[in-house]
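Fold and contact review
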Amino acid sequence: MSGFVDEAQLHVKAGDGGAGAVAMRREAHVDKGGPDGGDGGRGGSVWLVATTNQSSLLPFRDHPHRGAENGVHGGGKKMHGARGKDIEVPVPVGTRVRQSDGTIMADLANAGDRWMAGEGGRGGRGNASFLANNRRAPTFAEQGEKGHEEWYDLELALVADVALVGYPNVGKSTLISRISAAKPKIADYPFTTLEPHLGVVRADDDHNFTVADIPGLVEGAAEGKGLGHQFLRHITRARALVILVELDPVTGVSPAEQQRVLIDELRRYQPDLLDRPRLVVGSKSDMVPDEFLPRTVNVETFDRAELAAEAAADAAAAAEADSDEEEFRPDLVISAITGQGITSLVGRLATMVDGARTAEPEADGTIVIHRPLPEGFTVEKIGDGEFAVLGKAAERAVALNDLTTDEAADYVQSRLKRIGVDRALAKAGARDGDTVHIAEMSFIWYRDQPEFIGQPTSRRRRR
Ligand SMILES: Nc1nc2c(ncn2[C@@H]2O[C@H](COP(=O)(O)OP(=O)(O)OP(=O)(O)O)[C@@H](O)[C@H]2O)c(=O)[nH]1
Ligand SMILES: [Mg+2]
């Protein structure tokens, strides 16, 4: 299963909006027709969709780019350009999406979850839209907006009902192969399992649950020791945990010590893992003579009163006993070879998973997290007498096909004034004659009439 890849990068490029058209009506008997340039179509958006048909981020390793179609430009006779088609990019269930600064943008934990990774650019309005009383024949139209473009980091955290946690070689893979159809590699040496596997366990006719077999953990795993660290993430979504402890360990780490270390590693990696329901299970019981098997905690009945009584009795016993001698009290002992305790283990896991599932809020299966729309604008002083206006609202106001005509300049000026760019610039200390950059455009700023000076060749830093 070397196709297992749980980290990858994704580059998203949504479609650009089509440009609005500049056109004038021409009719034989009409002297001078009005403007009839149509709008450009919206660019296609890029969606991520969680699917169970994929279990790895491998497809993104070699081909990280996903793009959607551009919108079509508007035409004459008020013809609007067609929209670019959206695309849906399948990702495995359990995929998290981060921005390059680490912010989690989406967590696609359920099959069918969808998230818009890149919004298509709006189409520009054609000159027909700019007809006004004081503007009978506008010769400008809007450019289409650029589609959203971004590099994301994808990481996959398996979604399993139960995760098997244990030292290397304690029998995790043997257990999963015994209770499910999964066939992981099993060998008589530690660190046999190099990547997580999922198995589906059929508890009875209407109870299924999934189990994840994770590579073995050792002390220091949370800090990156051994193989375990990079796989601890795959435990984070499990509803229940099995702490599998070898009863007669070849490694010489006593059962009590294994349990202590494992719990400690989980706590250090993510403290709330300890709030998950868990079973401590002693493995390879066939290797230990019956009379030396540890006493198990009796929770077969899940009777709370009984549990509380047991815990109290344990505490009292521990207080009395010499505290150096830790007693190991698993919930259950099993042998994957003889089958001892296996039916009981599966039954108890099914009950735990059922309980955890019912306690969960129902997934709505739609969009996970919305990107807050970066509307509005901000003004930044970037040099002496030089300012940048950042943000969609301001960029839209200047995104015209032709800024050189007076009527276009008038339009831009009134629009910037209306949305408050004028005031914001004055507040930031801009004075007449200063240079102002908006998107790729630069202006000499006069409050009553900004003067367009061109598109700088070097791309400016954008937000
Ligand atoms: N006697 C006995 N041997 C077992 C039992 N379960 C597993 N083993 C043996 O223990 C060895 C390790 O088993 P695995 O299932 O590969 O252990 P693991 O926990 O997956 O090990 P890693 O993948 O290295 O973390 C193999 O030789 C198994 O045959 C058991 O119940 N009884
Ligand atoms: Mg294994």
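Each value, and the rule that gives it
- Residues numbered from 1 in each chain as written.
- Chains lettered and ligands numbered in written order.
- Predicted model: local features only at pLDDT ≥ 70, side-chain atom pairs only at ≥ 80, totals over all residues.
- Helix = DSSP H or I, 4+ residues; strand = E, 2+ residues; numbered from the N terminus.
- Buried ≥ 20, exposed ≤ 12 C-beta atoms within 10 Å, placed from the backbone.
- Contact = placed C-beta atoms within 7 Å.
- Expected span 1.5 Å × (residues − 1).
- Arc of directions from axis to C-beta.
- Near = placed C-beta within 6 Å.
- Nonpolar A, V, L, I, M, F, W, Y, C, P; charged D, E, K, R; others polar.
- Pairing = 2+ DSSP bridges.

Examining the overall build of the protein chain
When you go through the protein chain residue by residue, the secondary structure sums to 9 helices and 19 strands. The 463 residues of the protein chain split such that 41% are buried. Counting contacts in the protein chain only where the partners sit at least 6 residues apart, residues at least 24 apart contribute 70% of the total.

Details of helix α4 (residues 255-269)
The end-to-end C-alpha distance of α4 is 21 Å, a good match for the 21 Å that 15 residues give at a rise of 1.5 Å each. For α4, the full list of buried residues reads P255, Q258, Q259, L262, E265 and L266. For α4, the angular spread of the buried residues around the axis is 135°, confining them to a single face. The inward-facing, buried residues of α4 contact β9 (162-166), β12 (240-246) and β13 (278-283).

Quick notes on the site of ligand 1
In the region of ligand 1, 24 residues are neighbours, and G171, S173, T174, T193 and G216 sit closest. Of the residues forming the shell around ligand 1, the biggest block, 3 residues, is contributed by helix α2 (residues 172-179). Of the residues that constitute the shell around ligand 1, the class distribution is 10 nonpolar, 10 polar and 4 charged.

Some words on the pairing of strand β17 (residues 435-438)
Here β17 shows one buried face, formed by V436 and I438, and one open face, formed by T435 and H437. Strand direction decides the pairing type here: strand β16 (residues 386-390) and β17, joined by 4 bridges, are parallel. From the neighbouring strand, E386 faces β17, where its bridge partner is T435. Note that β17 and strand β18 (residues 441-444) share 4 bridges and pair antiparallel. Bridge assignment links H437 to a residue of β18, and that residue is S442.

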